[in-house]
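Each chain, written out:
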Amino acid sequence: MPSVRLLALLPGLLLVLVALRSAIRTFVLPRSARDPVTRGVFLAVRAAFDLRLRWAREYAVRDAVMALYAPVAVLGLMGCWVALVLVGFAIAYWALGEDVGRALQLSGSTLLTLGFEKPRGAAEVTLAFAEGAIGLTLVALLVSYLPAMYAAFARREAAVTLLEIRAGSPPAADELLVRTHELGGMGQIDLLWAEWQQWFVELEESHTSLGALSFFRSPQPQRSWVTAAGAVLDAVSLAGAVLRRGPSPQERLTLRAGVFALRRIAAFFDVRFDPQPDPRGPVSVRRHEFDAAYARLVAADVEVHTDPEQAWADFVAARAQYDEVLLALAGLTMAPAAPWSSDRARRARSRLMPGGRRHTDPLEALATPGRVPTTPDDRRKAVPAAEPRTPDPTALDGGLE
């Protein structure tokens with residue numbers, strides 16, 4: 001057996017290990033993990049879909065095209081793993097003395113459990129058993145992965161659908177507050193915020209451990225988990241800033257959970273954002289837009305704060321914590337147009353788009369005391385004009401410690 005061929009065993013088995021490592025990090029590891037194979041497949045598929053989108057002008061067409069992106073990428077990832085394992089074992093069989101054609105046939109027959117080629121010798125039999133087991137394992141992983149993903153998808157979309165009833169379509173923060181007031185539910189609105197706090201917690205866990213889930217689009221073209229998240233966070237921020245009673249503890253907790261979720265999802269995709277936003281802004285919501293929402297609440301007889309300047313400062317301080325990541329995620333997922341979010345979204349540069357910068361700690365500004373003013377006294381030193389009348393809603397007790 002030529003010694004030169006034996007040297008090919010190492011790169012062949014290395015390809016197999018690369019595929020197994022990628023499958024484990026993507027399907028098995030119960031936490032967010034970056035993998036170059038997964039990233040490469042999603043990048044390649046996204047590039048192909050972007051070519052198609054160049055000729056799509058209407059949103060309905062673009063949405064129909066992008067609805068296929070995540071499913072195609074997931075299946076393409078499975079195909080990539082199969083190809084790596086097949087080629088890797090084919091190199092190994094070739095290293096053991098088979099010619100190229102028979103090595104490929106033997107590898108394909110063994111991996112797909114077809115059985116039309118039989119291994120020869122103890123070494124080939126050992127490799128064949130290993131390859132057959134790996135092939136069955138990859139299929140089992142895919143079969144178990146898809147139900148888990150679609151279960152998380154169903155939980156996410158149930159809340160997004162319910163929000164349409166409360167906040168309209170597309171969802172809007174002022175619409176949510178006005179409808180709640182008209183139904184006499186302002187006294188129990190903290191129950192709604194508690195439900196969305198739990199939704200944000202589940203969103204963070206599922207969309208960082210199952211990264212492809214971020215790109216699975218809602219069943220209805222006008223819905224999106226990104227715009228739903230933005231509408232709820234804006235409603236919480238608006239309520240805390242505008243309502244005469246001031247922000248409730250539950251509103252602060254919900255806002256905190258939302259900021260954490262969006263920042264960690266953005267960091268997973270290497271979306272660029274400032275982890276230490278200035279509580280004075282600027283933010284993408286303009287003053288005239290805020291004034292229109294304020295006037296609508298007044299017209300609906302909602303008890304509002306009597307100082308619009310102070311209310312605007314409070315709103316900006318809250319919105320600044322998630323403004324950049326919200327717009328970036330809306331651009332990355334091509335979310336449908338919705339007020340105060342995707343209608344002003346930018347195309348995010350992320351790990352799906354070369355050039356993204358990874359943040360080692362997306363919550364650094366919230367976790368490190370002194371980096372961002374979090375108390376009224378701190379803000380009096382930092383904000384020369386109107387300052388928020390409450391601590392930063394995302395910072396309870398001064399931070400995460």
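Residues numbered from 1 in each chain as written. Predicted model: local features only at pLDDT ≥ 70, side-chain atom pairs only at ≥ 80, totals over all residues. Heavy atoms only, no water.

Participant: Whenever I open this one, the packing of aromatic side chains confuses me. Can you help?
Facilitator: Each aromatic ring pair is characterised by the separation of its centres together with the angle its planes make. Within the structure shown, the criterion is met by 19 aromatic pairs. Measuring from ring centre to ring centre gives 5.0 Å for Phe27 and Trp81, while their planes differ by 90 degrees; the resulting arrangement is edge-to-face. Taken together, the positions of Phe27 in helix α2 (residues 9-28) and Trp81 in helix α5 (residues 69-95) put the pair 54 residues apart, joining distant regions of the chain. Here Phe27 falls in the buried class, since its relative accessible area comes to 14%. Accessibility expressed as a relative area gives 0% for Trp81, which makes it buried. Where Trp199 meets Phe200, the ring centres are 5.2 Å apart and the plane angle is 70 degrees; that geometry is what we call edge-to-face. Each member of the pair, Trp199 together with Phe200, is buried. Through pairs of rings, three or more aromatic residues link up here, namely Phe42, Phe49, Tyr69, Phe215, Phe268 and Phe269. (Phe/Tyr/Trp six-rings, centres within 6.5 Å; stacked < 30°, edge-to-face > 60°. Helix = DSSP H or I, 4+ residues; strand = E, 2+ residues; numbered from the N terminus. Buried < 20%, exposed > 50% of the residue type's maximum accessible area, 1.4 Å probe, protein only.)

Participant: I keep staring at helix α8 (residues 173-182) and nothing clicks. Help me out?
Facilitator: Note on helix geometry: an α-helix contains 3.6 residues per turn, so any two residues three or four positions apart are oriented the same way. Burial runs high along α8: seven of the ten residues are buried. Among the residues making up α8, those that are buried are Ala173, Asp174, Glu175, Leu176, Leu177, Val178 and Thr180. Taken together, the buried residues of α8 touch α7 (122-167), α9 (189-209), α10 (225-242) and α12 (287-299). Trailing α8 by a residue or two, Gly184 shows a phi angle of about 75 degrees, which is positive. (Contact = heavy atoms within 4.5 Å.)

Participant: Can you walk me through the confidence of the model for the chain in this structure?
Facilitator: As a general rule, the predicted coordinates of low-pLDDT regions are not to be interpreted in detail. Taken as a whole, the chain shows an average pLDDT of 84; of its residues, 85% reach a score of 70 or greater. Mean pLDDT per element in the chain: helix α16 (residues 376-382) is the minimum at 36, and α10 is the maximum at 96. Throughout residues 348-401 the model reports pLDDT below 50, and contacts reaching past four residues in sequence, or to other chains, amount to 143 contacts. (pLDDT = per-residue confidence, 0-100.)

Participant: Sorry if this is basic, but what is going on with the packing of α10 against helix α14 (residues 323-332) here?
Facilitator: When two helices pack together, their arrangement is given by the angle between the helix axes and by the axis-to-axis distance. Two numbers describe how α10 lies on α14: the axes approach to 9 Å, and their chain directions differ by 160 degrees. Of the possible angle classes, the one that applies to α10 and α14 is roughly antiparallel. α14 is crossed by α10, and the crossing has left-handed handedness. For the pair α10 and α14, the contacting residues are Trp225, Val226 and Gly230 in the first and Leu326, Leu329 and Ala330 in the second. For the contact of α10 with α14, the residue count by class is five nonpolar, one polar and no charged. (Axes fitted to C-alpha atoms, helices over the stretch in contact; angles between N-to-C directions. Parallel < 35°, antiparallel > 145°, perpendicular 65-115°, else oblique. Left-handed = near helix turned anticlockwise from the far one by under 90°. Nonpolar A, V, L, I, M, F, W, Y, C, P; charged D, E, K, R; others polar.)

Participant: I'm lost on the side chain of Thr110 in this one. Help?
Facilitator: Locating Thr110 in the fold gives a position in helix α6 (residues 100-111). If sequence neighbours within four positions are ignored, Thr110 has contacts with Tyr93, Ala128, Glu131 and Gly132.

Participant: What is the right way to read a nonpolar patch on the surface from this model?
Facilitator: Judged by side-chain polarity, Leu14, Leu17 and Val18 come together as a nonpolar surface patch covering roughly 260 Å² of accessible area. If you trace the backbone, Val18 turns up in helix α2. For Val18, a relative accessible area of 33% corresponds to the partly exposed category. (Patch = residues over 30% accessible without salt bridge, like charges linked within 9 Å, V, L, I, M, F, W, Y side chains within 5 Å. Areas by Shrake-Rupley, 256 points an atom, 1.4 Å probe, with all protein chains shown as cover. Salt bridge = Lys/Arg side-chain N within 4 Å of Asp/Glu carboxyl O.)

Participant: Can you help me understand the environment of Ser284 in this one?
Facilitator: Among the structural elements, Ser284 can be located in the loop between α11 (249-268) and α12. If near-sequence neighbours (up to four positions away) are discounted, Ser284 is found in contact with Glu289, Arg319, Asp323, Leu327 and Arg344.

Participant: Help me understand the packing of α2 against α5 in this model?
Facilitator: One can describe the packing of α2 onto α5 by two numbers: an axis separation of 7 Å at closest approach and a directional angle of 155 degrees. On the basis of their axis angle, the class for α2 and α5 is roughly antiparallel. Once α2 is placed against α5, the crossing between them reads as left-handed. Here α2 contributes Leu9, Gly12, Leu13, Leu15, Val16, Val18, Ala19, Ser22, Ala23, Thr26 and Phe27 to the contact with α5, which in turn contributes Leu77, Trp81, Leu84, Val85, Val87, Gly88, Phe89, Ile91, Ala92 and Ala95. Residue classes in the contact of α2 with α5 are distributed as 17 nonpolar, four polar and no charged.

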